[in-house]
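# Tertiary structure, described
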Number of protein chains: 2
Amino acid sequence: MTASERHRAARADTVVDPDPDAAAERVADGIEEGALVTVFGRCTVEYDGRASSTLGPGDRHVMLKPDGSILVHTDEGQQPVNWQPPGCTQDAELADGDLRIRSHRSTPDERLDVRFERVTQVSAFAVDDASELAITGTEEDLRERILDDPDLLEADFTPLATERQTSAGAVDIYGEDHSGRTVAVELKRKRVGPDAVGQLRRYVDALERDLHDDAELRGMLVAPSVTDRARELLERNGLEFVSLTPETGE
Amino acid sequence: MTASERHRAARADTVVDPDPDAAAERVADGIEEGALVTVFGRCTVEYDGRASSTLGPGDRHVMLKPDGSILVHTDEGQQPVNWQPPGCTQDAELADGDLRIRSHRSTPDERLDVRFERVTQVSAFAVDDASELAITGTEEDLRERILDDPDLLEADFTPLATERQTSAGAVDIYGEDHSGRTVAVELKRKRVGPDAVGQLRRYVDALERDLHDDAELRGMLVAPSVTDRARELLERNGLEFVSLTPETGE
DNA sequence: TCGTGAATGTCGATC
DNA sequence: GATCGACGTTCACGA
């Protein structure tokens, strides 16, 4: 382990009940050092950008990440009450005697302003994380499962392409059936509603135009299941459904 | 201020570099007290439920909320790398000498397992937050703007209902034009793609069936703007577009 | 509980 | 930078 790596290894610098100016300095230093900074205290939050929002005084947990993102969490909900995405500028400073943390980005122009009337704790964490998340059960898994064994859709189905472009977007799997009819396949990893049927229909319509083909063209939705409304829509549009999950067995 | 209110007021109990058993006890106590608990350290994460995922060792910030949600954040991204929604059970315990935090819910059956090989810091925050987020610039604002002044869509447009049910779902605004033709209006707060056109088309188709009406039926998409492909789809389906934002002025 | 659609959706790929 | 579709989307609302 090199000195710089040791410097990066999990450390935490924490101050409790800091003065506003001490808090501002800690936060600014943490940002500067590329640390993950958290602030807990009583604050108000203003957001203006794609929409606008105001949040009155309350105790919240604010997280500033070295990639420029910022998250404001209350004690409820999986989602932050306010936030900014990665790539934003961050700054912490003393404003009228209080700690103020601001975030800004352009395109679109968006600003977040967190003002603390009391700071309970500020922490700066040095993060060392090289691992990547490995996930299974995705639409990609469903696609691979079908390409490995095309008969899962129906006997003698032959995939010809994936992500085949049409004038309405890319078809997940493009192939032909036992009699040579073209089949457009739309994949969904979980139970689907009307939106997925609309998507498949757009692709089939586009293929009919693109191929200016009088031959029959089949559209097939592949998912674990469909809602009643989606099934109606499928029938009305002459589209088919095959039940299949991303995971084998189970 | 009563004793219980004082207990709720923003406080933080923090331990640095705790032993695994001390960490487990702190986390368990925090959960028990209804605190917002954060843990920073080197950990691995396993998830199994709607999908499955594995995350190798790295420094992460874990937040447990009193509503049962849990968030695992790396130093990158606005989104947590792993999580559980509100309503999950939470528990912290010593497992093979390490701190292990688990979360579980039913329907669907989902589990999250965070195992720490090192705990850098544990904090328990008492949160007092009575404020609600006030937001503007939503689709609801767009609807109100139109209902206040229906001529924004076109001269002599008359709204008759909002959220009018059809066999394909609810139409945002249902009304009639100067000549008494029925108009189905779909609202979007921001620039739209092909999906919104498909949605409007489903409503118009459903109304044509529901009303078994030979009279002309208009479908109108109202949004700040549309993509090229969405505009093509609109024209192909005989649907109309009106440019309008949720916010007045600007 | 399930279905449906909004969202400051976020994120990644692709053009 | 814009578009498009997946996502363990999350979330609120209604049936």
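Since this is a predicted model, take the numbers as computed values, not measurements.

Of regular secondary structure, chain A possesses 5 helices and 14 strands. Taken against the 2.2 N^0.38 rule, which gives 18 Å for 250 residues, the C-alpha radius of gyration of chain A at 26 Å runs more than 25% over that of a compact globule. In terms of overall dimensions, chain A has C-alpha extents of about 75 × 45 × 30 Å along its principal axes. Looking at chain A as a whole, 49% of its 250 residues qualify as buried.

With that settled, consider a negative patch on the surface. Residue and element names in this part refer to chain A. A cluster of like negative charges, contributed by Asp-19, Asp-21, Glu-25, Asp-29, Glu-32 and Glu-33, occupies part of the molecular surface. Within the secondary structure, Glu-32 is located in helix H2 (residues 20–33). Here Glu-32 falls in the exposed class, since its relative accessible area comes to 68%.

Take the packing of aromatic side chains next. Under the criterion given, the structure shown has 2 aromatic pairs over all chains. Note that Arg-164 of chain A overlies the ring of Tyr-174 of chain A, its terminal NZ or CZ placed 4.3 Å from the centroid.

Time to look at the interface of chain A and chain B. Each partner contributes to the interface: chain A provides 71 residues, whereas chain B provides 71 residues. There are 2 salt bridges connecting chain A and chain B. Summed over the shared surface of chain A and chain B, the number is 28 residue pairs in polar contact (both at pLDDT 80 or more). The element best represented in the side of chain A that touches chain B is strand S3 (residues 52–64) of chain A, accounting for 11 residues. In the side of chain A that touches chain B, the residues fall into 24 nonpolar, 25 polar and 22 charged.

This part is about the pattern of salt bridges. Taken as a whole and judged by the stated rule, the model has 40 salt bridges over all chains. Glu-186 of chain B is the partner of Lys-188 of chain B in a salt bridge, and the nearest nitrogen-oxygen pair spans 3.3 Å. Bridged by salt links that share partners, the residues Glu-154, Asp-177, Arg-181, Glu-216, Arg-218 and Glu-240 of chain A form one connected network.

The next thing to look at is the protein's contact with DNA strand C. In the vicinity of DNA strand C there are 27 residues, among which Arg-50, Trp-83 and Arg-191 of chain A together with Lys-188 and Arg-189 of chain B approach most closely. The sugar and phosphate moieties of DNA strand C supply 86% of its atoms located within 4 Å of the protein. Taking Arg-50 of chain A, its side chain carries an N or O atom lying 2.5 Å from a base oxygen of DNA strand C. Gln-79 of chain B places a main-chain nitrogen or oxygen 3.1 Å from a phosphate oxygen of DNA strand C. Elements that contribute at least two residues to the surface near DNA strand C include exactly strand S5 (82–84) of chain A together with helix H4 (194–211) of chain B. Partitioning the surface near DNA strand C into residue classes produces 8 nonpolar, 9 polar and 10 charged.

The positions that UniProt labels "domain: Endonuclease NucS N-terminal PH-like" (unreviewed entry) are, in the present scheme, residues 35–131 of chain A. For the annotated span residues 35–131 of chain A, helix accounts for 0% and strand for 67% of the residues, and the straight-line distance between the end C-alpha atoms is 18 Å.

So, about the environment of Arg-164 of chain A. Residue and element names in this part refer to chain A. Mapping Arg-164 onto the fold places it in strand S10 (residues 158–166). C-alpha of Arg-164 to C-alpha of Gly-175: the two residues are 11 residues apart in sequence and 9.8 Å apart in space. Discounting chain neighbours no more than four positions away, the residues touching Arg-164 are Gly-169, Ala-170, Val-171, Tyr-174, Leu-207 and Leu-211.

What follows is about the domain arrangement of chain A. Domain assignment breaks chain A into domain 1 (3–126) and domain 2 (139–243). Using only C-alpha atoms to locate each centre, domain 1 of chain A and domain 2 of chain A end up separated by 46 Å.

Mapped onto the elements, Lys-65 of chain B comes out in the loop between strand S3 (52–64) and strand S4 (70–73). Look at Lys-65 of chain B: it is buried, it has no salt bridge, and the nearest opposite charge is Asp-67 of chain B at 5.9 Å. A polar side-chain atom of Lys-65 of chain B sits 2.9 Å from a polar atom in the side chain of His-73 of chain A.

Quick notes on the rules
Residues numbered from 1 in each chain as written. Chains lettered and ligands numbered in written order. Predicted model: local features only at pLDDT ≥ 70, side-chain atom pairs only at ≥ 80, totals over all residues. Heavy atoms only, no water. Helix = DSSP H or I, 4+ residues; strand = E, 2+ residues; numbered from the N terminus. Rg over C-alpha atoms; globule rule 2.2 N^0.38 Å. Buried < 20%, exposed > 50% of the residue type's maximum accessible area, 1.4 Å probe, protein only. Patch = residues over 30% accessible without salt bridge, like charges linked within 9 Å, V, L, I, M, F, W, Y side chains within 5 Å. Areas by Shrake-Rupley, 256 points an atom, 1.4 Å probe, with all protein chains shown as cover. Salt bridge = Lys/Arg side-chain N within 4 Å of Asp/Glu carboxyl O. Lys, Arg positive; Asp, Glu negative; His and termini not counted. Charge placed at Lys NZ, Arg CZ, Asp CG, Glu CD. Phe/Tyr/Trp six-rings, centres within 6.5 Å; stacked < 30°, edge-to-face > 60°. Lys NZ or Arg CZ within 6 Å of the ring centre and 35° of its normal. Contact = heavy atoms within 4.5 Å. Polar contact = N/O pair within 3.5 Å; in protein donor to acceptor, adjacent residues only side chain to side chain. Nonpolar A, V, L, I, M, F, W, Y, C, P; charged D, E, K, R; others polar. Near = heavy atom within 4 Å. UniProt positions renumbered as here; feature names shortened; annotations may be inferred. Domains from an automatic or database assignment.

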